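Chain and residue survey
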Amino acid sequence: MSQSRIPPASLGGLSYLDPAAPEPWASFIEQIERVRPHLGPLERWIETLKHPKRTLIVDIPIERDDGTIAHFEGYRVQHNLSRGPGKGGIRYHPAVTLNEVMALAGWMTVKNAAIGLPFGGAKGGIRVDPATLSSGELERVTRRFTSEIGIIIGPDRDIPAPDVGTNAKIMAMMMDTFSMNRGGTATGVVTGKPVALGGSLGRQEATGRGVYFCAREAGKRQHIAMEGARIVVQGFGNVGGIAARLFRAAGARVIAIADHTATLVNESGIDIPAAQAWAAEHAGLAGFPGAAPIDIEDFWQLECDYLVPAALEGQITPERATGVRARVVVEGANGPTTPAADDVLRSRGVLVVPDVLANAGGVTVSYFEWVQDFSSFFWTEDEINARLERIMVNAFDAIWQVAQEKQVPLRTAAFIIACHRVLEARAERGLYP
Ligand code: NAD
């Protein structure tokens, strides 16, 4: 066998790059393949996107409050750094795997390039249920993880941010740990920090705000009035909760919401601030009196203008897609629709605004945060929201135009723009040595 054909390292008998690898990496690979016919001479470089540049697996040992020692597995994947430092969130969830983090890192590469941010793509995570840790244990896990991945992150190398199960407080611990190890304060090593530590105004709401902007822009083309529009949102955290609030504030009717504790419907519209207050107080929506429980499969079939999956990947399967009665799906979550489900939705005339566009508001304001930290000059919230809106609307327009010209779905159009930018940078840089 020639040197170039030696298969990649094997994990548990299955190469982590195996094309038959499980979801969601397989979805990402399939999405990349759909761009192949549109790459022209850059097709020569396409394998770059199927090989994460750097994958780091770390062991995180901590002493638990009861004196026992526990080990957790953590990851940081830098999928591609051709256009700039890595950028992407950190997920704390019991189902996190290397495969999932690789896919999420790949989507960050595409998202950052599609929007035009000067970043590569990265993602990290720990396989842990943060709800089972005391605050001290959570801090020890976070600080040890940060030290372990400290060899590859940094303000000009790779900049983490919050994702599912992490928040501004955890970003503060990460910033402090990295700074302590380095011997000097490095505010720009993470984004999504508290404002007191160089965080940006508007960052927390940014992803939900971007989801709302994308829905509005799609609605203009599909002749959907926001006033009175029917909205269904899965996931009621940072992305789903805030998007739901903004839809409601714009006059839309949020008729169904769901989190990991409950799936709820109220045809006359749910009071979102009240539901948010309930979820914050009761660690979830279960028991919220302002809406009635509904079966999860019925939830996906509710007739609505906008369906916003904003929880986890792989939620809209081909089976569920057959029953979707939304006019537009706006992907707040990363990878919520499988490629096969994408095809079903398209054949049924449902417009899908893809994750790499719809949820890019968060990383866009993370970019603003990073720029503000570097210059130590901070902008007002109005400036931030106005710049965010401009970038999102411009990206939506450009992607829409490519979709029209090439007669492809918005996802493929976004991937075409992004892959061109990444592979052009790759080709310009050339291979070293
Ligand atoms: P979060 O932890 O704040 O909220 C996640 C929500 O999903 C919670 O309400 C949780 O109860 C719910 N959930 C989890 N499992 C569920 C299930 N099986 N069924 C229904 N609901 C479930 O996380 P977030 O930051 O809002 O992230 C949500 C999604 O958006 C993820 O895919 C994430 O990668 C993506 N995203 C987040 C950001 C960001 O800035 N936070 C940016 C881009 C994309």
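Residues numbered from 1 in each chain as written. Predicted model: local features only at pLDDT ≥ 70, side-chain atom pairs only at ≥ 80, totals over all residues. Heavy atoms only, no water.

**Comments concerning the overall build of the protein chain**
From N to C terminus, the protein chain includes 15 helices and 14 strands. Computed over the C-alpha atoms, the radius of gyration of the protein chain is 21 Å, within 12% of the 22 Å expected from 2.2 N^0.38 for a compact globule of 433 residues. By its C-alpha atoms, the protein chain is 60 × 55 × 50 Å across when sized along the principal axes. Contacts in the protein chain between residues far apart in sequence, at least 24 positions, make up 68% of those at least 6 positions apart. (Helix = DSSP H or I, 4+ residues; strand = E, 2+ residues; numbered from the N terminus. Rg over C-alpha atoms; globule rule 2.2 N^0.38 Å. Contact = heavy atoms within 4.5 Å.)

**Some points on a positive patch on the surface**
A contiguous patch of positive charge, built from Lys53, Arg54, Arg157 and Arg429, is present on the exposed surface. You can see Arg157 is positioned in the loop between α4 (135-149) and β7 (158-162). (Patch = residues over 30% accessible without salt bridge, like charges linked within 9 Å, V, L, I, M, F, W, Y side chains within 5 Å. Areas by Shrake-Rupley, 256 points an atom, 1.4 Å probe, with all protein chains shown as cover. Salt bridge = Lys/Arg side-chain N within 4 Å of Asp/Glu carboxyl O. Lys, Arg positive; Asp, Glu negative; His and termini not counted. Charge placed at Lys NZ, Arg CZ, Asp CG, Glu CD.)

**Things to note about unusual backbone geometry**
Between Tyr432 and the following residue, Pro433, the backbone shows a cis peptide bond with an omega angle of 5°. Considering the arrangement of structural elements, one finds Pro433 in the segment after α15 (410-429). The residue Ser376 is not glycine, and still its phi comes out positive at about 50°. Of note, Ser376 is situated in the loop between α13 (361-375) and α14 (381-406).

**A word on the pattern of salt bridges**
The tally for this structure, following the rule as stated, stands at 32 salt bridges. Of the charged contacts in the structure, one is a salt bridge between Asp343 and Arg34, with a shortest N-O distance of 3.0 Å. Pair noted here: Asp343 is in helix α11 (residues 339-347) and Arg34 is in the loop between α1 (25-33) and α2 (47-50), with a separation of 309 residues, a long-range link. Take Arg34: its relative accessible area is 28%, and that puts it in the partly exposed class. Across the pair Asp355 and Arg411 runs a salt bridge, and its minimum N-O distance is 3.4 Å. In this pair, Asp355 sits in helix α12 (residues 355-358) while Arg411 sits in helix α15, placing the two residues 56 residues apart along the sequence. Like Arg411, Asp355 is buried. Overlapping salt bridges bring together Arg216, Glu217, Lys220, Arg221, Glu389 and Asp397 as one network. (Buried < 20%, exposed > 50% of the residue type's maximum accessible area, 1.4 Å probe, protein only.)

**Some details on the sheet that holds strand β8 (residues 230-234)**
On the basis of which strands lie adjacent, the open sheet formed by 7 strands has the order β11-β10-β9-β8-β12-β13-β14 and mixed pairing. Each of the sheet's edge strands pairs with one partner strand only, and the pair in question is β11 (292-293) and β14 (351-353). Sheet topology note: the β8/strand β12 (residues 303-309) ladder contains 4 bridges and is parallel. Pairing of Val233 across the sheet is with Val308, part of β12. (Pairing = 2+ DSSP bridges.)

**What about the packing of helix α6 (residues 203-222) against α14?**
Closest axis-to-axis distance for the α6/α14 pair is 10 Å, and the angle between their directions is 45°. The angle between α6 and α14 places the two elements in the oblique class. For α6 against α14, the interelement crossing comes out right-handed. Of α14, the residues touching α6 (which contributes Glu205, Ala206, Arg209, Gly210, Phe213, Cys214, Arg216, Glu217, Ala218, Arg221 and Gln222) are Glu381, Asn385, Leu388, Glu389, Met392, Val393, Phe396, Asp397 and Trp400. Broken down by class, the residue content of the contact of α6 with α14 amounts to 9 nonpolar, 3 polar and 8 charged. (Axes fitted to C-alpha atoms, helices over the stretch in contact; angles between N-to-C directions. Parallel < 35°, antiparallel > 145°, perpendicular 65-115°, else oblique. Left-handed = near helix turned anticlockwise from the far one by under 90°. Nonpolar A, V, L, I, M, F, W, Y, C, P; charged D, E, K, R; others polar.)

**Description of the packing of aromatic side chains**
Taken as a whole, this structure holds 15 aromatic pairs when the rule is applied. With a centroid separation of 6.4 Å and 50° between ring planes, the pair formed by Phe28 and Phe415 is classed as tilted. With Phe28 in helix α1 and Phe415 in helix α15, the pair connects residues that are 387 residues apart, well separated along the chain. Neither residue differs from the other here; Phe28 and Phe415 are each classed as buried. Its end group placed over the ring of Trp400, Arg221 keeps NZ or CZ at 5.2 Å from the ring centre. Sitting over the face of the ring of Trp379, Arg387 holds its NZ or CZ atom 4.1 Å from the ring centroid. (Phe/Tyr/Trp six-rings, centres within 6.5 Å; stacked < 30°, edge-to-face > 60°. Lys NZ or Arg CZ within 6 Å of the ring centre and 35° of its normal.)

**Side note on the confidence of the model for the protein chain**
Of the residues in the protein chain, 95% reach a pLDDT of 70 or more, and the chain-wide mean stands at 95. Low confidence marks residues 1-13, where pLDDT is under 50. Its contacts with residues over four positions away, or in another chain, come to 9 contacts. (pLDDT = per-residue confidence, 0-100.)

**Topic: the nonpolar core**
Inside soluble globular proteins, nonpolar side chains tend to come together where they are buried. Counting residues in hydrophobic clusters, the biggest one holds 95 residues, and the most contacted among them are Ile231, Phe247, Ile257, Tyr306, Val330, Val353 and Phe415. At 12 residues, the largest contribution of residues to this core is made by helix α3 (residues 98-115). Formed jointly, this core draws a minimum of three residues from each of two domains, domain 1 (52-187) and domain 2 (204-358). Look past the residues within four positions of Phe415 in its chain and what remains in contact with it is Phe28, Gln31, Ile32, Val35, Trp107, Val110, Val356 and His420. If you look at the next biggest cluster of nonpolar residues, it comprises 25 residues, including Ile62, Leu138, Met175 and Val190. (Core = buried A, V, L, I, M, F, W, Y, C linked by side-chain atoms within 4.5 Å. Domains from an automatic or database assignment.)

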